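# Per-entry structural report
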Amino acid sequence: MNGQLNQRPDLVIFDMDGLILDSERLFMEQERIVCLQYGYDMTTENYITTIGTAGETLRKILRDLYGEDYPMEKISRESRERVNRIIEAQGPPVKPGIGELMEALYRNKIPFCICTSTDTDTATHYMEMAGFLPYLQFLKGGEQVTRSKPDPEIFLQACEKAGVRPERCLVLEDSPNGIRAALAAGMQVIAIPDLVPVPEELKDRVTVEVVSAEEVPALMGLN
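Residues numbered from 1 in each chain as written. Predicted model: local features only at pLDDT ≥ 70, side-chain atom pairs only at ≥ 80, totals over all residues. Heavy atoms only, no water.

The subject of this paragraph is the overall build of the protein. Helix and strand content of the protein: 10 helices and six strands. The globule rule puts the C-alpha radius of gyration for 223 residues at 17 Å, and the 17 Å found for the protein is close to it. Viewed in the frame of its principal axes, the protein has a C-alpha envelope of about 50 × 40 × 30 Å. A buried classification covers 54% of the 223 residues belonging to the protein. Contacts in the protein between residues at least 24 apart in sequence constitute 67% of all its contacts with a sequence separation of at least 6. Surface accessibility of the protein: about 10,300 Å² in total, with carbon and sulfur atoms responsible for 48%. A gap of 3 Å separates the mean positions of the 23 positive and 36 negative side-chain charges of the protein. (Helix = DSSP H or I, 4+ residues; strand = E, 2+ residues; numbered from the N terminus. Rg over C-alpha atoms; globule rule 2.2 N^0.38 Å. Buried < 20%, exposed > 50% of the residue type's maximum accessible area, 1.4 Å probe, protein only. Contact = heavy atoms within 4.5 Å. Areas by Shrake-Rupley, 256 points an atom, 1.4 Å probe, with all protein chains shown as cover. Lys, Arg positive; Asp, Glu negative; His and termini not counted. Charge placed at Lys NZ, Arg CZ, Asp CG, Glu CD.)

Attention shifts here to the packing of aromatic side chains. The full count for this structure, using the stated rule, is five aromatic pairs. Taking the centre distance of 5.7 Å and the plane angle of 70° together, the rings of Y40 and Y66 count as edge-to-face. Remark: Y66 occurs in helix α3 (residues 55-66) and Y40 occurs in the loop between α1 (24-37) and α2 (44-50); sequence separation between them is 26 residues. Since its relative accessible area comes to 18%, Y40 is described here as buried. With a relative accessible area of 16%, Y66 lands in the buried category. A connected cluster of aromatic rings, assembled from ring pairs, spans Y40, Y66 and Y70. When the ring centre of F138 is taken as reference, the NZ or CZ atom of K161 above it lies at 5.4 Å. (Phe/Tyr/Trp six-rings, centres within 6.5 Å; stacked < 30°, edge-to-face > 60°. Lys NZ or Arg CZ within 6 Å of the ring centre and 35° of its normal.)

So, about the sheet that holds strand β4 (residues 169-173). The parallel open sheet is built from six strands, whose spatial order is β3-β2-β1-β4-β5-β6. Each of the sheet's edge strands pairs with one partner strand only, and the pair in question is β3 (139-140) and β6 (208-209). For strand β1 (residues 11-14) and β4, the ladder comprises four bridges, and the chain directions are parallel. Within β4, the residue paired with L11 across the bridge is C169. (Pairing = 2+ DSSP bridges.)

On to the packing of α1 against helix α4 (residues 72-90), then. Running from amino to carboxyl end, α1 crosses α4 at an angle of 135°, the nearest separation of the two axes being 9 Å. As judged from the angle between their axes, α1 and α4 are oblique. Relative to α4, α1 is oriented so that their crossing is right-handed. Contacts between α1 and α4 involve L26, F27, Q30, E31, I33, V34, C35 and Q37 from the first element and I75, S76, E78, S79, R80, R82, V83, I86 and I87 from the second. Residue composition of the contact of α1 with α4, by class: nine nonpolar, four polar and four charged. (Axes fitted to C-alpha atoms, helices over the stretch in contact; angles between N-to-C directions. Parallel < 35°, antiparallel > 145°, perpendicular 65-115°, else oblique. Left-handed = near helix turned anticlockwise from the far one by under 90°. Nonpolar A, V, L, I, M, F, W, Y, C, P; charged D, E, K, R; others polar.)

Following the criterion strictly, the structure yields zero disulfides and no others. With no disulfide of its own, C115 has C113 as its nearest cysteine by sulfur position, at a separation of 4.5 Å. (Disulfide = S-S within 2.5 Å.)

In this section: the environment of V83. Relative to the helices and strands, V83 resides in helix α4. As a C-alpha pair, V83 and F27 span 56 residues in sequence and 6.2 Å in three-dimensional space. The contacts of V83, once residues within four sequence positions are left out, are L26, F27, Q30 and Y126.

Let us now look at helix α6 (residues 120-130). Where α6 is concerned, the buried positions are T120, T122, A123, Y126 and M127. Viewed end-on, α6 has its buried residues packed into an arc of 165°, placing them on one side of the element. Residues of α6 that are exposed and angled more than 90 degrees away from the buried face: D121 and E128. At its buried positions, α6 is contacted by α4, β2 (112-115) and β3. Just downstream of α6 lies G131, where phi reads positive at about 85°. (Arc of directions from axis to C-beta.)

Distances and angles like these do not, on their own, reveal function.
So this is what it looks like as structure tokens:
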């Protein structure tokens, strides 16, 4: 841990991929397969640069990596279809401690929502399958904003929707882009790294860094 929470939040915001779901590795594996079918070599390093992004931000990263002709929509759609088939067959891969954390927040009457770069319909379906949907205040998908993480737009929209000031929000994020977005919004941040360690330049800026969501209830003083 790098610090401590200075207040109990009025809203907790969860990222989804890599934070609630152990889905980044799954999507990376499937996207790599689809990329090869189209003649592109998608390395782990290249994939990592796209984590937490969507829309024009993602499009620019991919075109810088693979050129103007990179068929982002086709590859993203086919990769998501492959991932969907796996999750439909095996269930959502929920990460340790997430269910217990959501139950503790709900029990303590602390509202929480999801802000994800994944589209709203897909994310809603995953959360419904996982059994979390009834507990959420709301869910915001990547297509609902014009600027994706690391821009803070999605987090600020969530604050406005909930009627909560940014400084009264706590964000749980795994990716550097998500952490940057939360910090830019002026929110407290608990970093729970997944595929990518917290960059050195962000380590002193996050409120707390933990290994797993299993640590968060005690950190928040939840019963």
